[in-house]
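# Summary of the model geometry
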Amino acid sequence: MEAWLYETMQGQRVRCRLCSHMCIIGSGSRGICGVRENRDGVLETRVYGRLIAASDDPIEKKPIFHMLPGSRSFSIATVGCNFKCRFCQNADIAQMPADANGRVTGDPTTPQQVVAAARQRGCASIAYTYTEPTVFFEFACETAQLANRHGIKNIFVTNGFMSAEALERVSPWLDAANVDLKAYNDDFYKQQCGARLEPVKETLRRMKRLNVWVEITTLIIPGLNDDPGELSRLAAFIAEELGVETPWHVSRFHPTYRLTDRGSTPVGTLLKAREIGIAAGLKYVYTGNIAGQGGEDTFCPGCGETVIARRGFQITDNRVRNGRCSRCETIIEGIGM
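Residues numbered from 1 in each chain as written. Predicted model: local features only at pLDDT ≥ 70, side-chain atom pairs only at ≥ 80, totals over all residues. Heavy atoms only, no water.

### A short note on the sheet that holds strand β1 (residues 6-8)
Within a sheet, neighbouring strands are paired by backbone hydrogen bonds and run either parallel or antiparallel to one another. Taken together, the three strands give an open sheet; going across it, the order is β1-β2-β3, and neighbouring strands pair in antiparallel fashion. Two strands bound the open sheet, and with one partner strand each, they are β1 and β3 (24-25). Where strand β2 (residues 14-16) lies against β3, two bridges are found, and the strand directions are antiparallel. Each residue of the ladder has a partner; that of Arg-15, found in β3, is Ile-24. (Pairing = 2+ DSSP bridges. Helix = DSSP H or I, 4+ residues; strand = E, 2+ residues; numbered from the N terminus.)

Below is the structure:
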């Protein structure tokens, strides 16, 4: 299928405008994502409707904690990614084209089949996740538009490196996004991900302007992005430019893929990151990948009451009523709370 968002250049080259890499691709070559290929001056997507994953998940697994809590989200992905994270947690599918000599695989699927499956399973949303949804943008857009017509919400779980043009195009049907803000350090992005920080920050600002509900995840990696000063700057960016109601998920790293030279994140580091977020004024800061610490519960910013208690991805108690704390009536921000 011919890809969207590209322009032709001299010598059968094309410039892809889907993400902030803005790859210039020669005939017979692919972009950084490994799934968009120039065939004689026409950019084609190799992954339209070729799903490598499709499953019914708790929405909390995305993680999205402030949209339709306790609901199910039909989650889909193709292979490919426009980042090259050394700590990729889904490298077997995200990095397949790069690591398997350009291999692209997946089961043929239509947007109609995805929406039908979501409806059949009682899912309130569709999440474009596991890999980077930007790289299967055409399929994600068409599916999201159809889902919207059926009253199903749409979620991008994304690295936030999409172009402004791509975000504007999907925004009418995009209800929420969990964006990985991987560090507040451009060197980290360059060395660990093959990308840059500023385009991610701009995507976050733009999402807020477009009224997309945003939650942020930062995987805390020992010695790479866990400096308290850096975390303070990251938290301040969220509070000052995105809003104190923006949930921040700080998550525990475990050695994986090409980053195995350091241990798992100490629990104390995550708890300190949470304190930093709260000190910056953030209302909702969550710790992920650690059990038994209470860091996945939602607390009322007014009275401090636990309004949503969670164990893993399951809700054990919900005291939010019509978007407000049942005790003090303080608003608990989100969608369908």
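There's more to say after this.
### Topic: the side chain of Arg-310
One can find Arg-310 in strand β17 (residues 306-311). It is Glu-60 that comes nearest to the buried, bridge-free Arg-310 among opposite-charge side chains, at 4.6 Å. Within polar-contact distance, the side chain of Arg-310 engages the backbone oxygen of Phe-65 at 3.1 Å. Engagement of the side chain of Arg-310 in a polar contact is seen with the side chain of Thr-298, the distance being 2.8 Å. If we skip the residues at most four places from it in the chain, Arg-310 touches Glu-60, Phe-65, Tyr-286, Glu-296, Asp-297, Thr-298, Ile-315 and Thr-316. (Buried < 20%, exposed > 50% of the residue type's maximum accessible area, 1.4 Å probe, protein only. Lys, Arg positive; Asp, Glu negative; His and termini not counted. Salt bridge = Lys/Arg side-chain N within 4 Å of Asp/Glu carboxyl O. Polar contact = N/O pair within 3.5 Å; in protein donor to acceptor, adjacent residues only side chain to side chain. Contact = heavy atoms within 4.5 Å.)

### Digging into the sheet that holds strand β13 (residues 213-220)
Taking strand neighbours across the sheet as the criterion, the eight strands line up as β7-β8-β10-β11-β12-β13-β14-β15 in an open arrangement whose pairing is mixed. Two strands lie at the open edges of the sheet, namely β7 (53-58) and β15 (285-288), each paired on one side alone. Sheet twist, expressed as the mean angle between neighbouring strand axes with direction ignored, is 20 degrees. The strands touched by helix α7 (residues 198-209) are β11 (153-158), β12 (176-180) and β13; relative to β12, the strand with the most contacts, the crossing angle is about 165 degrees. (Axes fitted to C-alpha atoms, helices over the stretch in contact; angles between N-to-C directions.)

### Considering unusual backbone geometry
Comment: phi is negative for the bulk of residues other than glycine, and the bulk of peptide bonds are trans. Across the junction of Lys-62 and Pro-63, the peptide omega takes the value -10 degrees, indicating a cis bond. If you trace the backbone, Pro-63 turns up in the loop between β7 and β8 (72-77). Notably, Asp-40 is not glycine yet its phi reads approximately 55 degrees, a positive angle. Within the element layout of this structure, Asp-40 appears in the loop between β4 (36-39) and β5 (42-45).

### What to know about the nonpolar core
Counting residues in hydrophobic clusters, the biggest one holds 88 residues, and the most contacted among them are Phe-87, Ile-126, Leu-181, Leu-204 and Trp-248. Residue contacts for Leu-204: discarding those within four places in its chain leaves Val-179, Leu-181, Val-214, Ile-216, Phe-237 and Leu-242. By size, the runner-up hydrophobic cluster in this structure holds ten residues, among which are Tyr-286, Val-320, Cys-325 and Ile-332. (Core = buried A, V, L, I, M, F, W, Y, C linked by side-chain atoms within 4.5 Å.)

### Details of the pairing of β11
Counting buried positions along β11 yields five of six residues, so the element is predominantly enclosed. As paired elements, strand β10 (residues 125-128) and β11 share four bridges and run parallel to each other. Each bridged residue has a counterpart across the sheet, and for Tyr-128 the counterpart in β11 is Phe-156. The parallel pair β10 and β11 is bridged by helix α4 (residues 137-149), and the resulting crossover is right-handed. Inspection of the sheet shows β11 paired to β12 by four bridges, in the parallel sense. Bridge assignment links Phe-156 to a residue of β12, and that residue is Ala-177. Between the parallel pair β11 and β12, the chain is carried across by helix α5 (residues 164-170), and the sense of this crossover is right-handed. (Right-handed = clockwise from strand over helix to strand, strands pointing away.)

### Some words on the packing of aromatic side chains
Under the counting rule described, the total for this entry stands at nine aromatic pairs. Ring centres of Phe-65 and Tyr-286 lie 4.7 Å apart, and the angle between their planes is 70 degrees; this geometry places the pair in the edge-to-face category. With a gap of 221 residues between them, Phe-65 in the loop between β7 and β8 and Tyr-286 in strand β15 connect regions that are remote in the sequence. In this pair, the class of Phe-65 matches that of Tyr-286, namely buried. On the numbers, 5.8 Å between centres and 40 degrees between planes, the contact of Tyr-184 with Phe-237 is tilted. Here Tyr-184, found in the loop between β12 and α6 (186-193), pairs with Phe-237, found in helix α8 (residues 228-242); they are 53 residues apart in sequence, far enough to count as distant. Exposure class is identical for Tyr-184 and Phe-237. Each is buried. Here the basic side chain of Arg-169 rests over the ring of Trp-4, its NZ or CZ set 4.1 Å away from the ring centre. Lying across the ring of Trp-213, Lys-208 places its NZ or CZ 5.8 Å from the centre. (Phe/Tyr/Trp six-rings, centres within 6.5 Å; stacked < 30°, edge-to-face > 60°. Lys NZ or Arg CZ within 6 Å of the ring centre and 35° of its normal.)

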